[in-house]
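The residues making up each chain are set out below.
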Amino acid sequence: MNDITKLLGEEADSLLTHRCEKITQEQLTLPGADYVSQTFSQTDRPIPVLRAYQQLLNHGRLAGTGYLSILPVDQGIEHSAGASFAPNPLYFDPKNIVELAIEGGCNAVASTLGALGSVARRYAHRIPFVVKLNHNDALVYPTTYDQTLFGQVKQAYDMGAVAIGATIYFGSENSRRQLQEISAAFEQAHELGMMTILWTYLRNGDFKQDGVDYHTAADLTGQANHLGVTIKADIIKQKMAENNGGFNAVKVGKTHPKVYSHLSSDHPIDLVRYQVANCYMGRIGLINSGGASTGAGDLAQAVRTSVINKRAGGMGLISGRKAFQRPMNEGVELLNAIQDVYLDKRITIA
C-alpha cells in the first residue's frame, strides 16, 4: 500500500478514503470470484459463453478475483504501426505482444485478426485470445472516423479465441451502421460460444465545446455504456470519465438535473461510478482504458486509473501503450502494478 500511496501523491487520501454517497455500493453488482455463477449465469447467454467468461476470469495473476487485466494491441491500425511500435520495434512481431501479456500475468491478450492469427497455434491454448474485429483505418485521407469490420466472427472462433472485441463510435456520422454491424456480430459470437467486449467510445468534433473535451464526460460516456449493454456486450470498455455535463454543453439528447446533483459529483470515483451504473448497475462489467503513454508518469497514472476503477465498482483495466511502448521488463512491471491494485484487499469499494 505504501508504494501505491506514494504513486498517488497528493491525491492519495482523496482516492483511497472517498465514499460514494450518490450511488452507493449497496446498489451495485460487484466483481467477485462467483460473478459468473451468481450474476452472469442469470443472463440468456448460451452455456458455452459462461464457460468462456470463466476461462477469462481464471487466467493470469488476477485469477479467481473477478477482476481483469487485459493487454490490448490494435494501435498498429488505429494509429499506424510506425507511430505505435517505433518506441519499441520488438512489438512489430505479434509473438512479442502475446509474450508480454503472458509474462505480465494478464487475463487475456486483445489484438487484430492478423496479429493473433499469425501465432494462434503457438499461443491460443496458453492465454485467452480476444480478437478485435473492427478498426478505424489510419490511412484514410482526409481523416475520417469510422469503424470497419476487418474480419468475420467465424475466423475468430476458428483460431480458438474466447471473445471478440469491437468498437462503436457513438455520436459519429456512421454510428448507427456500426451499431447494426456489431449487434449482428455479437449475436453470432454468442451463438458460437464466445464472449463480447465493446469499446463504447465517443467521436464527434462538436463534443468539444469552449475548450472542454466532453468525449470523456461521465454523462455522455455513461449513455454510450448503456447503449453498449443494450446490444449484449458482456464487458464494456470505456475511457475513464474526467468531467461531466456533456449533454448540456453539447445540447444533444436528454438529461436530468439529478444526474449531476444526486447521481454524481466532481470526484473522479463518483464520475466512474456513474459509468458503472449505466452498465446495469454493474451487472455487466466495466473496464477502463489505460490511456496513451506519456513517458515517466505512466506507472503512477496506471495505478491511479486502477484505484479509481476498482473503488468505483469497475471490473478492471485494459492497458496497452503504457505497457508495450517501453522495454518488456518495464511493461511487465507496469502490468503487475495495475494487478497489484486489484489484489490488494485494503483497497475497497468506495
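Computed from a predicted structure; not experimentally measured.

Asker: How should I be thinking about the sheet that holds strand β10 (residues 235-238) in this particular structure?
Answerer: Whether parallel or antiparallel, the strands of a sheet pair through hydrogen bonds between backbone atoms. Strand order in this closed barrel of eight strands is β1-β2-β3-β6-β7-β10-β11-β12, and the pairing throughout is parallel. Geometrically, the sheet is characterised by an average inter-axis angle of 25° between neighbouring strands, direction not taken into account. For β10 and strand β11 (residues 285-289), the ladder comprises four bridges, and the chain directions are parallel. Directly across from Gln-238, in β11, lies its bridge partner Asn-288.

Asker: Before we go on, may I ask you to explain the pairing of β11 in this structure?
Answerer: Each regular strand displays side chains that alternate between the two surfaces of the sheet. Among the five residues in β11, five count as buried, and that is most of the element. With three bridges joining them, β11 and strand β12 (residues 316-318) adopt parallel strand pairing. Residue pairing across strands places Asn-288 opposite Leu-317, the latter belonging to β12. Where the polypeptide runs from β11 across helix α15 (residues 298-312) and back to β12, its parallel neighbour, the crossover connection is right-handed.

Asker: What exactly am I supposed to notice about α15 here?
Answerer: Because the α-helix completes a turn every 3.6 residues, residues three or four places apart line up on one side. Over its 15 residues, α15 extends 21 Å from the first C-alpha to the last, a length consistent with the 21 Å expected when each residue adds 1.5 Å. Of all 15 residues in α15, eleven are buried; the element is thus mostly enclosed.

Asker: Honestly, the nonpolar core in this entry has me stumped. Any pointers?
Answerer: One recurring pattern in soluble globular proteins is that nonpolar side chains are buried together. Core analysis: the biggest nonpolar cluster contains 86 residues, and Leu-71, Val-109, Phe-129, Ile-164 and Leu-198 have the highest contact counts within it. Per element, the largest residue contribution to this core is seven residues, and it comes from helix α17 (residues 328-343). Here Phe-129 is in contact with Val-98, Val-109, Leu-116, Val-119, Ala-120, Tyr-123, Ala-124, Met-159, Ala-161, Val-162 and Ala-163, once residues within four sequence places are set aside. Among the nonpolar cores identified, the runner-up in size contains 25 residues, and Leu-50, Ala-110, Ile-197 and Trp-199 belong to it.

Asker: Any chance you could explain the pattern of salt bridges here in plain terms?
Answerer: This structure, assessed with the given rule, holds twelve salt bridges. Lys-154 serves as the salt-bridge partner of Asp-158, at 2.9 Å between the closest nitrogen and oxygen. With Asp-158 and Lys-154 both in helix α9 (residues 153-158) and four residues apart, the pair spans about one turn of that helix. By relative accessible area, which is 52% here, Asp-158 ends up exposed. Notably, a salt bridge pairs Asp-344 with Arg-346, separated by 3.1 Å at the nearest N-O pair. Take Arg-346: its relative accessible area is 55%, and that puts it in the exposed class. Residues joined by salt bridges that share partners form a network here, namely Asp-44, Arg-45, Lys-232 and Asp-234.

Asker: What's the story with the side chain of Ser-69 in this structure? I'm lost.
Answerer: Following the sequence through the fold, Ser-69 ends up in strand β1 (residues 68-73). Of the residues examined, Ser-69 reaches a relative accessible area of 2% and is grouped as buried. A polar atom in the side chain of Ser-69 sits 3.1 Å from the side chain of Gln-339. When neighbours within four sequence positions are excluded, Ser-69 is seen to be in contact with Leu-62, Cys-106, Asn-107, Ala-108, Leu-317 and Gln-339.

Asker: How do you make sense of the layout of surface pockets when you look at a structure like this?
Answerer: To find the voids left in a structure, one rolls a probe of water-molecule size over its atoms. Taken as a whole, the largest pocket encloses approximately 660 Å³ of empty space. Lining of the largest pocket is provided by 31 residues; of these, Arg-203, Asp-213, His-215, Thr-216 and Lys-239 occupy positions nearest its centre. Among the elements that make up the lining of the largest pocket, the one with the highest residue count is α15 (four residues). Looking at the lining of the largest pocket residue by residue, the classes come out as seven nonpolar, 15 polar and nine charged. Space inside the second largest pocket adds up to approximately 410 Å³. For the lining of the second largest pocket, the secondary structure elements donating two or more residues are α5 (75-85), β6 (163-170) and β7 (195-202).

Asker: It is not clear to me how unusual backbone geometry should be interpreted in this structure. Could you clarify?
Answerer: One can expect most non-glycine residues to show negative phi and most peptide bonds to be in trans. Cis geometry marks the peptide bond from Tyr-141 to Pro-142; its omega dihedral reads -5°. Note that Pro-142 resides in the loop between β4 (134-135) and β5 (148-149). With phi around 90°, Ser-80 is a residue other than glycine that occupies positive phi space. Within the secondary structure, Ser-80 sits in helix α5. Residues other than glycine seldom take positive phi values, yet Lys-251 does so here, at roughly 60°. Tracing the backbone shows Lys-251 in the loop between α12 (246-250) and α13 (257-261).

The rules behind these values
- Residues numbered from 1 in each chain as written.
- Predicted model: local features only at pLDDT ≥ 70, side-chain atom pairs only at ≥ 80, totals over all residues.
- Heavy atoms only, no water.
- Pairing = 2+ DSSP bridges.
- Helix = DSSP H or I, 4+ residues; strand = E, 2+ residues; numbered from the N terminus.
- Axes fitted to C-alpha atoms, helices over the stretch in contact; angles between N-to-C directions.
- Buried < 20%, exposed > 50% of the residue type's maximum accessible area, 1.4 Å probe, protein only.
- Right-handed = clockwise from strand over helix to strand, strands pointing away.
- Expected span 1.5 Å × (residues − 1).
- Core = buried A, V, L, I, M, F, W, Y, C linked by side-chain atoms within 4.5 Å.
- Contact = heavy atoms within 4.5 Å.
- Salt bridge = Lys/Arg side-chain N within 4 Å of Asp/Glu carboxyl O.
- Polar contact = N/O pair within 3.5 Å; in protein donor to acceptor, adjacent residues only side chain to side chain.
- 1 Å grid on protein atoms, 1.4 Å probe; cavity = no way out; pocket = protein on both sides within 12 Å on 5 of 7 lines; lining within 4 Å.
- Points joined across faces, edges and corners; volume = space filled by probe spheres on them.
- Nonpolar A, V, L, I, M, F, W, Y, C, P; charged D, E, K, R; others polar.

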